[in-house]
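One letter stands for each residue in the lines below.
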Amino acid sequence: MQAIKASSFSPFHLNLNSTSSFPKTTNLYIQQNYENPISCFPSIQTQNAKFKVFTATSPSVSTESETPFDEKTENENQEEKFEWYAEWYPIMPICDLDKRRPHGKKVMGIDVVVWWDRNEKEWKVMDDSCPHRYAPLSEGRIDQWGRLQCVYHGWCFNGAGDCKLIPQAPRDGPQVHTSKRACATVYPSCVQNDILWFWPNSDPLYKDIYLMRRPPYIPELDDSSFSKTFIVRDISYGYELLIENLMDPAHVQYSHYGIMNVPVAPQSVKADREGGRPLDITITKLDVNVITANQGPGRNTFVPPCVYYSYFAFGGSQGKTTAVSSGTVQEKPSAEKQKKALLVFICIPVSPGHSRIIFASPRNFATWADRIIPRWIFHLGQNLILDSDLYLLHVEERKLKEIGSYNWHKACYVPTKADAIVVAFRRWLNKYAGGQVDWRGKYNGDLPPTPPREQLLDRYWTHTVSCTSCNLAYKGLNALEVVLQIASIGAIGIVAALKQGTLSAVTRYSLVTVALLCFVASRWLSHFIYKNFHFHDYDHAFR
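Procedures and definitions
- Residues numbered from 1 in each chain as written.
- Predicted model: local features only at pLDDT ≥ 70, side-chain atom pairs only at ≥ 80, totals over all residues.
- Heavy atoms only, no water.
- Salt bridge = Lys/Arg side-chain N within 4 Å of Asp/Glu carboxyl O.
- Helix = DSSP H or I, 4+ residues; strand = E, 2+ residues; numbered from the N terminus.
- Buried < 20%, exposed > 50% of the residue type's maximum accessible area, 1.4 Å probe, protein only.
- 1 Å grid on protein atoms, 1.4 Å probe; cavity = no way out; pocket = protein on both sides within 12 Å on 5 of 7 lines; lining within 4 Å.
- Points joined across faces, edges and corners; volume = space filled by probe spheres on them.
- Nonpolar A, V, L, I, M, F, W, Y, C, P; charged D, E, K, R; others polar.
- Pairing = 2+ DSSP bridges.
- pLDDT = per-residue confidence, 0-100.
- Contact = heavy atoms within 4.5 Å.
- Disulfide = S-S within 2.5 Å.
- Axes fitted to C-alpha atoms, helices over the stretch in contact; angles between N-to-C directions.
- Parallel < 35°, antiparallel > 145°, perpendicular 65-115°, else oblique.
- Patch = residues over 30% accessible without salt bridge, like charges linked within 9 Å, V, L, I, M, F, W, Y side chains within 5 Å.
- Areas by Shrake-Rupley, 256 points an atom, 1.4 Å probe, with all protein chains shown as cover.
- Left-handed = near helix turned anticlockwise from the far one by under 90°.
- Polar contact = N/O pair within 3.5 Å; in protein donor to acceptor, adjacent residues only side chain to side chain.

Here we look at the pattern of salt bridges
- Counted by the stated rule, this structure contains 16 salt bridges.
- Put simply, Asp234 and Arg356 hold a salt bridge, and the shortest N to O gap is 2.6 Å. Here Asp234, found in strand β15 (residues 230–235), pairs with Arg356, found in strand β23 (residues 354–360); they are 122 residues apart in sequence, far enough to count as distant.
- Residue class for Asp234 comes out partly exposed when judged on its relative accessible area of 23%.
- Residues Arg398 and Glu397 are paired through a salt bridge, measuring 3.6 Å at the closest nitrogen-oxygen approach.
- Under the relative-accessibility criterion, Arg398 is labelled buried at 17%.
- What you see here is one network of salt bridges that share partners, running through Glu120, Glu122 and Lys124.

Brief notes about the layout of surface pockets
- Computed from the structure, the largest pocket encloses a volume of approximately 940 Å³.
- Forming the walls of the largest pocket are 37 residues, and the residues nearest its centre are Lys105, Asp234, Trp461, Val465 and Ser466.
- For the lining of the largest pocket, the secondary-structure elements that each account for two or more residues are β5 (103–107), β15, β23, α7 (390–403), α10 (453–456) and α11 (468–497).
- The computed volume of the second largest pocket comes to approximately 730 Å³.
- If you go around the second largest pocket, you meet 30 residues; those closest to its centre are Lys124, Val186, Tyr187, Pro188 and Lys207.
- Elements with a minimum of two residues in the lining of the second largest pocket: β7 (122–127), β12 (186–187) and β13 (189–192).
- If you tally residues by element for the lining of the second largest pocket, the top one is β7, at four residues.
- By residue class, the composition of the lining of the second largest pocket is 19 nonpolar, three polar and eight charged.

Considerations on the sheet that holds strand β9 (residues 148–149)
- One open sheet holds the four strands; their spatial order is β8-β9-β10-β11, and the pairing between them is antiparallel. Sheet topology places β8 (141–142) and β11 (163–165) at the edges, where each strand pairs with a single neighbour.
- Both β8 and β9 contribute to a ladder of two bridges, which runs antiparallel. Pairing of Arg141 across the sheet is with Gln149, part of β9.

A short note on the confidence of the model for the protein chain
- Confidence in the prediction of the protein chain, expressed as mean pLDDT, is 81, and 77% of residues score 70 or more.
- Per-residue pLDDT stays below 50 along residues 1–77; that stretch engages in 232 contacts with residues further than four places along the chain or on separate chains.
- Within the model, pLDDT remains below 50 along residues 318–335, and this stretch shows 36 contacts once partners closer than five positions in the same chain are excluded.

Considering the pairing of β7
- Bridging between strand β6 (residues 110–117) and β7 involves six bridges; their strand directions are antiparallel. Looking at the pairing, Asp117 lines up with Glu122 of β7.
- Counting the residues in the hairpin turn of β6 and β7 gives four residues, including Lys121, whose phi is positive at 55°.
- Pairing analysis gives two bridges linking β7 to β12, with the strands arranged antiparallel.

Things to note about the state of the cysteines
- Enumeration according to the criterion identifies zero disulfides in this entry.
- For the unlinked cysteine Cys130, the closest cysteine sulfur is that of Cys150, found at 4.0 Å.
- The cysteine Cys183 is free of any disulfide, with Cys163 supplying the nearest cysteine sulfur at 7.5 Å.
- Note on Cys183: relative accessible area 25%, which makes it partly exposed.

Some points on the packing of helix α6 (residues 375–388) against α11
- Taken N-terminus to C-terminus, the directions of α6 and α11 make an angle of 100°; their axes are 8 Å apart at the nearest point. When the interaxial angle is binned, α6 and α11 end up roughly perpendicular. Here Arg375, Trp376 and His379 of α6 lie close against α11, whose contacting residues are Thr468, Ser469, Cys470, Ala473 and Leu477.
- For the contact of α6 with α11, the residue count by class is four nonpolar, three polar and one charged.

Some words on a nonpolar patch on the surface
- Residues Leu516, Phe519 and Val520 make up a contiguous nonpolar surface patch of roughly 290 Å² in combined accessible area.
- Among the structural elements, Phe519 can be located in helix α12 (residues 505–533).
- Residue Phe519 is classed as partly exposed on the basis of its relative accessible area of 45%.

Structural notes on the sheet that holds strand β14 (residues 195–198)
- If you trace the three strands from one edge of the open sheet to the other, you get β4-β14-β13, paired in antiparallel fashion. Both outer strands of the open sheet, β4 (89–93) and β13, are each paired with one neighbouring strand and no more. When strand polarity is set aside, the average angle formed by the axes of neighbouring strands in this sheet is 30°.
- Of the strand pairs in this sheet, β13 and β14 are connected by four bridges, and their pairing is antiparallel. Directly across from Gln192, in β14, lies its bridge partner Ile195.

Observations concerning the environment of Ala433
- Along the chain, Ala433 turns up in the loop between α9 (420–432) and α10.
- Between the C-alpha atom of Ala433 and that of Glu80, which follows or precedes it by 353 residues, the distance is 9.4 Å.

A few points about the packing of helix α2 (residues 239–246) against α7
- The geometry of α2 relative to α7 is characterised by a closest axis approach of 10 Å and an angle of 120° between their N-to-C directions. Compared by their axis directions, α2 and α7 come out oblique. Judged by the sense of rotation from one axis to the other, the crossing of α2 with α7 is right-handed. Along the contact surface, α2 presents Leu241, Glu244 and Asn245, while α7 presents Leu393, Glu396, Glu397 and Leu400.
- Of the residues that constitute the contact of α2 with α7, the class distribution is three nonpolar, one polar and three charged.

A look at the side chain of Arg363
- Mapped onto the elements, Arg363 comes out in the loop between β23 and α5 (368–372).
- Residue class for Arg363 comes out buried when judged on its relative accessible area of 15%.
- At 3.5 Å, the side chain of Arg363 forms a polar contact with the side chain of Asp370.

Dropping the structure here:
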């Protein structure tokens, strides 16, 4: 997965809405800086009629590590505060959701159940607790009338959370199922960019929040000329470390050495084998709504709390863009098609010490690959990259926990510009967001204990079981392994059962060879399945 190199590219257009608290409805639109040598995409007008226009760049902000935590800057704009529970949060790409059954997920410490309401033709997000005795609704089923049924006592709910049946209640008695106490808690939800999002507040005030505030919108994820594949992975370290890792381009040559092909200048190899080099990264904007950074001609953008993205383009002539009064941007066509690709990371806070990443890399070239190559083939390499620094970050998180978020800048020595985006993120976290994710008292502040390495790096429960492509491949390869084992035993059985003179020497030799090949193939396949769908260990010292 080329994803970890995100910070080396420049951005694309992103339409997003104000991150201020509801019910404020002002929309934000990030406009490209046209002085950038890499041209921007034309924006796609959102369904809201009016936009407030802001520039995505501002006078350069110093990237010295001490500056973001300067006492003066910490005391500025104290009235601005990031509201963790006044934002849209992604749950899963819809390609990995099964309409035939409910799914249980945790986001922001909230257990939710996701299910397809075929009566309303919509995905629904509810609290994963039956109001009867708090059994998890995600363990239930979709009944024949398209209702969500609790598997414990059979209570049934429609998409609005109304209880439609309590089997234990007398049919001719009081209609106890109509009580508000019998209703399931429903969260506002929407599908955007083929990803299911939800608003983590069930107050009726937010029922129609989608009409006023929407998740960050990435036009290229819906553009038919772009090809894309999603991968989702649960990570055994927290949201803060996940964001930092994606913002850090300097670790790629070292943590992922031998896995990712990173171009290395000859002069850099003289310093060390991996070819690390100085990186000139400058923060251009940092406020409660966004962080942008330049790295050479490229830019990277963080839209709190979940979206971090990069864009790069090469080849062809640069199309010029002009703004029009409607708020849209039109791009003059160029004679030669320009190759464009995006790296989109959507980072989800799950619980302390746990996070989830949704990654996509839409591009308008070599799109045939995604149509021909199964998605699980791409996931093998992407999981390899995620695993290669997972243990490092898991341990690092526990050390940083002892230091404390507000002491990060004092304890961590970050003297180079290579860490500029990470330092900016820590500044944003401390200045606007309370220093950490607001779990609203659900946890005592401790991180979960470190499990055995094989469990920590497990891929099956963190990816394979919830990925429709990998799960299908996993079952198919296991079935093939069984077929090969049966073929091996069958060939040997035929040779042993028949008398010596019944088979010719050539036939007997052929059957023994087939048996041996099937046995070797089944053993190799077993190793392949375990290594790629369960556990892949790493030893950086011997790379």
